[in-house]
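Here is what each chain is made of, one letter per residue.
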Amino acid sequence: MLMKNLLDQPFVHWMSSGAQDGDIVLASRIRLARNLEGIPFPQRANGEQLSQVVSQLKSSLCDLNSNEQSDYMFIDLEKLPLLERLVLVEKHIISPDHAREASNRAILVKQDTTVSIMVNEEDHLRIQCLMPGLNLVKAFTSANQVDDIIENKHALAFNEELGYLTSCPTNLGTGLRASVMVHLPALVLTGQINRIVNAVIQLGLTVRGLYGEGTEAVGNIFQISNQLTLGFTEQEIIDNLYSVVKQVVDHERTARGGLYADTTDMLVDRVWRAYGTLKYARSISGQEALALLSDVRMGYELGIINEGSNCNFNELMVITRPNFLQKMSDRPELSGNERKKLRAQIIREKLTND
Amino acid sequence: MLCDECKSRTACMHIIKIVNNQKTEKNLCAECAKAAGEISLSFDTQSYVHDFLKGIFNHGLFVDPQMLRGQESCSECGMTYTDFNRKGKVGCSACYTVFGGQFEPLLKRIHGSSSHTGKIPKRNGGTLKIRQQIKKIRQQLEQYVINEEYEKAVLLRDEIKNLEKEIGLSGKEE
């Protein structure tokens, strides 16, 4: 995938359909926090030190390429306008923090978009691997391979007792944050979500909204991730998350089944209404689009609706985000209303074509 | 209970106003309350969570007086413990050695543990990996002894001996 495609095309690998538990789990993500030995962490490093980190990692590009079949590309965030950086956030390639501050920040992205390495985010390196569906093991294997290649070339900040040293003490040890993006409309509709969230938290995990820390759970999409990073092995952390997510998925499936059996007419009506609005609306807000897409996605998984079956809901979720819309339009700055109109038009076209 | 104002969201606060001895009561949701200026939620939630974390670093019943003085600074990056308290972020890898003792209770509070058992970079030497392995086997061995499963325990003891030989520790304690 060329750089231009990465920014212009909505589709990235994690949106692929047909993955394990893909009816409920959108994507799995593994993130490893690493720092180079001997250079202060980004928050305390000066410009010169930060650019030294960038150039050191840029030099790893060839190592990454020779070991992997497909190639990595290097993107200097400083050279990317804010809008394009925000598009990368909407596609989950980089974090909101990484988009905000661009000087001496960079990313290395694998052509198939499964792996991205953020340089000088909170830590010198944030190796991230995103896979469609519930696929934590594969995501970890990829991220771990990248870590091995980097480690082979650079001395990483590591301490026998504390493990990998990170800028925030909450990431110490494995530096591993494993998270899973789940779509839980039936648990929300049946009012069970709070109970589930509380239970998940008690098991040492956290639950957040669509774009990570401090964001809302729009479109009934939640991120479940591990909280603790020290004192457990990578396998233990992933196993724990996997088994909890499996439970949540089972509950969601049961809730969907129950909802369909008990309130068939209401649910069928709700799904078709959502579909109707998405297909014919002439102006639609981002929040409304996500809420309706959530209903249609569930209706599609329950076999209530077949129309638009080739349509990729994960992709539509990204297309309807404000920054991506702005990027797609050729206008300099869309007003709120123009954006709503464009959003409605794009959804209409997608649903009609597919 | 629904919000008196928008009648769609759930009310989350009950507001009683007494103006000129006239008492009025309202049930509002967060948005309507904010819009009506009834209550100011001046903090944004994101920084609130961050502040909460920083707070965790500060408060404890038994605090080392040296920690409170916060004067000692890291020779590599110049961070003091006060800096850390303020930002909640560590300056560089050397800080973990400089402030090691001060971080320990904190790490126990965050993670419930303060020792790493996960991946080890190859260049940090294979011996650490083996030492961790020995530690794990030893725990298992103790369990076997408690359960009086001596045959299994003997096997593990031999395994430990072999591993210790491998890293030149034979017979000695870790």
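Quick look at the structure, then. In this text, all values refer to a predicted model and were calculated from it rather than measured experimentally.

Quick notes on the rules
- Residues numbered from 1 in each chain as written.
- Chains lettered and ligands numbered in written order.
- Predicted model: local features only at pLDDT ≥ 70, side-chain atom pairs only at ≥ 80, totals over all residues.
- Heavy atoms only, no water.
- Phe/Tyr/Trp six-rings, centres within 6.5 Å; stacked < 30°, edge-to-face > 60°.
- Buried < 20%, exposed > 50% of the residue type's maximum accessible area, 1.4 Å probe, protein only.
- Contact = heavy atoms within 4.5 Å.
- Buried area = accessible area lost by both parts, 1.4 Å probe.
- Salt bridge = Lys/Arg side-chain N within 4 Å of Asp/Glu carboxyl O.
- Polar contact = N/O pair within 3.5 Å; in protein donor to acceptor, adjacent residues only side chain to side chain.
- Helix = DSSP H or I, 4+ residues; strand = E, 2+ residues; numbered from the N terminus.
- Pairing = 2+ DSSP bridges.

## Topic: the packing of aromatic side chains
Residues and elements named next belong to chain B.
Part 1 of the reasoning: In total, this model carries nine aromatic pairs over all chains according to the counting rule given.
Part 2 of the reasoning: Judged by centre distance (5.3 Å) and plane angle (45°), the ring pair of Tyr-96 and Phe-103 falls under tilted.
Part 3 of the reasoning: Its relative accessible area of 2% is what places Tyr-96 among the buried residues.
Part 4 of the reasoning: We classify Phe-103 as buried; its relative accessible area is 1%.

## A closer look at the interface of chain A and chain B
Part 1 of the reasoning: Contacts between chain A and chain B engage 41 residues on the former and 36 residues on the latter.
Part 2 of the reasoning: Summing the contributions of chain A and of chain B, the shared interface buries around 3400 Å²; its carbon and sulfur component is 55%.
Part 3 of the reasoning: Interface area lost by chain A to chain B is led by A:Arg44, A:Phe158 and A:Pro169, which between them contribute 19%.
Part 4 of the reasoning: Joining chain A to chain B, the criterion identifies four salt bridges.
Part 5 of the reasoning: Across the chain A-chain B interface, the total number found is 16 residue pairs in polar contact (both at pLDDT 80 or more).
Part 6 of the reasoning: Elements that contribute at least two residues to the side of chain A that touches chain B include exactly α6 (136-153) and β7 (163-164) of chain A.

## A word on the pairing of strand β8 (residues 176-183) of chain A
All names here are of chain A.
Part 1 of the reasoning: Of all eight residues making up β8, eight are buried, and the element is well covered by its neighbours.
Part 2 of the reasoning: Of the two faces of β8, the one carrying Leu-176, Ala-178, Val-180 and Val-182 and the one carrying Arg-177, Ser-179, Met-181 and His-183 are both buried.
Part 3 of the reasoning: With seven bridges joining them, strand β1 (residues 25-34) and β8 adopt antiparallel strand pairing. Looking across to β8, one finds that Arg-29 is bridged to Ser-179.
Part 4 of the reasoning: Across five bridges, the pairing between β8 and strand β10 (residues 221-226) is antiparallel. What sits directly across from Met-181, in β10, is Gln-223.

Just distances and angles here, no functional claims.
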